[in-house]
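Coordinates in review
Listed below are the residues making up each chain.
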Amino acid sequence: MLPCLSPVTAAFSVDTTTVAVGTTVQFTNQSQNYAALQWTLDGVPFSTDPNPTYQFTNLGLFTIGLNAQPLDPAACPAASATAVIRVICPVAANFSVSNQYPNTGEQITITSSILNAPNIAWYVAGVYQGSSLSSYTFNQPGIYEIRLEASTGFCAVVRKVSIQVQDSCTDVSFQRLYRSANSHLYSLKTTTLSYGNY
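Residues numbered from 1 in each chain as written. Predicted model: local features only at pLDDT ≥ 70, side-chain atom pairs only at ≥ 80, totals over all residues. Heavy atoms only, no water.

**What to know about the overall build of the protein chain**
Helix and strand content of the protein chain: 0 helices and 17 strands. Split into buried and exposed, the 198 residues of the protein chain put 29% on the buried side. Summarising the internal contacts of the protein chain: among those between residues at least 6 apart in sequence, 55% fall at separations of at least 24. Accessible area for the protein chain stands at about 12,100 Å²; split by element, carbon and sulfur atoms hold 49% of it. (Helix = DSSP H or I, 4+ residues; strand = E, 2+ residues; numbered from the N terminus. Buried < 20%, exposed > 50% of the residue type's maximum accessible area, 1.4 Å probe, protein only. Contact = heavy atoms within 4.5 Å. Areas by Shrake-Rupley, 256 points an atom, 1.4 Å probe, with all protein chains shown as cover.)

See below:
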């Protein structure tokens, strides 16, 4: 076997191994004594350039591989290096309401916290309300959903809150004076009728 006089080494650097989805990452080759390079993403080739870039458009963990071919393939083996890139969604979004059980005609206040989301959409019962929503008044009883969608174009965070709106005239109470038989005494009684029974 011929001696390997110029062994190849494979190495590369990357600015960060945790990036937001949609980010284009620069890879810098630091290999020595190589004749050709092959870059792979999870085993799939994507470039032969010395210092390629790659835009990560999906969430997850991805293995970047660099294979360096030797100057003398008859005497020297190839070399490889890898790095794992973690791609995350940078969006943080949440909201709360002042009352999940309002009466009809009662305004509720909506307090939200949204970060790193250029695209924001609010919906009430599936109807688009715009990019901001700080309050809402329900005029009919029923169960409604308030939904917040915050996204970057590559990833989205969705938050939902269920609202149960009660009729403001659910119960009706009234008082009457009753006179007992064979007596001059009167008593006061309260009667409550449920909504729909009066």
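**Thoughts on the state of the cysteines**
For the coordinates displayed, the defined rule picks out 2 disulfides. Sequence-ordered numbering of the bonded cysteines in the protein chain gives a pairing of 1-2, 3-4. (Disulfide = S-S within 2.5 Å.)

**As for unusual backbone geometry**
Positioned with a positive phi, Asp-42 is a non-glycine residue whose angle comes to about 50 degrees. Locating Asp-42 in the fold gives a position in the loop between strand 4 (34-41) and strand 5 (44-47). The exposure class assigned to Asp-42 is partly exposed, which follows from its relative accessible area of 45%.

**Regarding the sheet that holds strand 6 (residues 53-55)**
Spatially, 3 strands are ordered 1-3-6 in an open sheet, and the strand pairing comes out antiparallel. Among the strands making up the open sheet, the edge pair consists of strand 1 (12-14) and strand 6. Strand-to-strand twist across the sheet, computed as the mean angle between neighbouring axes with direction ignored, equals 25 degrees. The pairing of strand 3 (residues 24-29) with strand 6 spans 3 bridges and is antiparallel. (Pairing = 2+ DSSP bridges. Axes fitted to C-alpha atoms, helices over the stretch in contact; angles between N-to-C directions.)

**Re the environment of Ala-75**
Relative to the helices and strands, Ala-75 is located in the loop between strand 7 (60-70) and strand 8 (79-88). C-alpha separation for the pair Ala-75 and Met-1, spaced 74 residues apart in sequence, amounts to 7.1 Å.

**Here we look at the confidence of the model for the protein chain**
On average, residues of the protein chain score 90 in pLDDT, and 85% of them reach the 70 mark or higher. Counting contacts from residues 193-198, a segment whose pLDDT is below 50, to residues more than four positions away or on other chains yields 14 contacts. (pLDDT = per-residue confidence, 0-100.)

**Focus: the sheet that holds strand 11 (residues 119-124)**
Spatially, 12-11-14-15 is the arrangement adopted by the 4 strands of the open sheet, whose pairing is antiparallel. With one partner strand each, in any of the chains shown, strand 12 (127-130) and strand 15 (156-165) form the two edges of the open sheet. Looking at each pair of strands side by side, their axes are set apart by 25 degrees on average, direction ignored. As paired elements, strand 11 and strand 14 (residues 142-151) share 6 bridges and run antiparallel to each other. Bridge pairing links Trp-122 to Leu-148 in strand 14.

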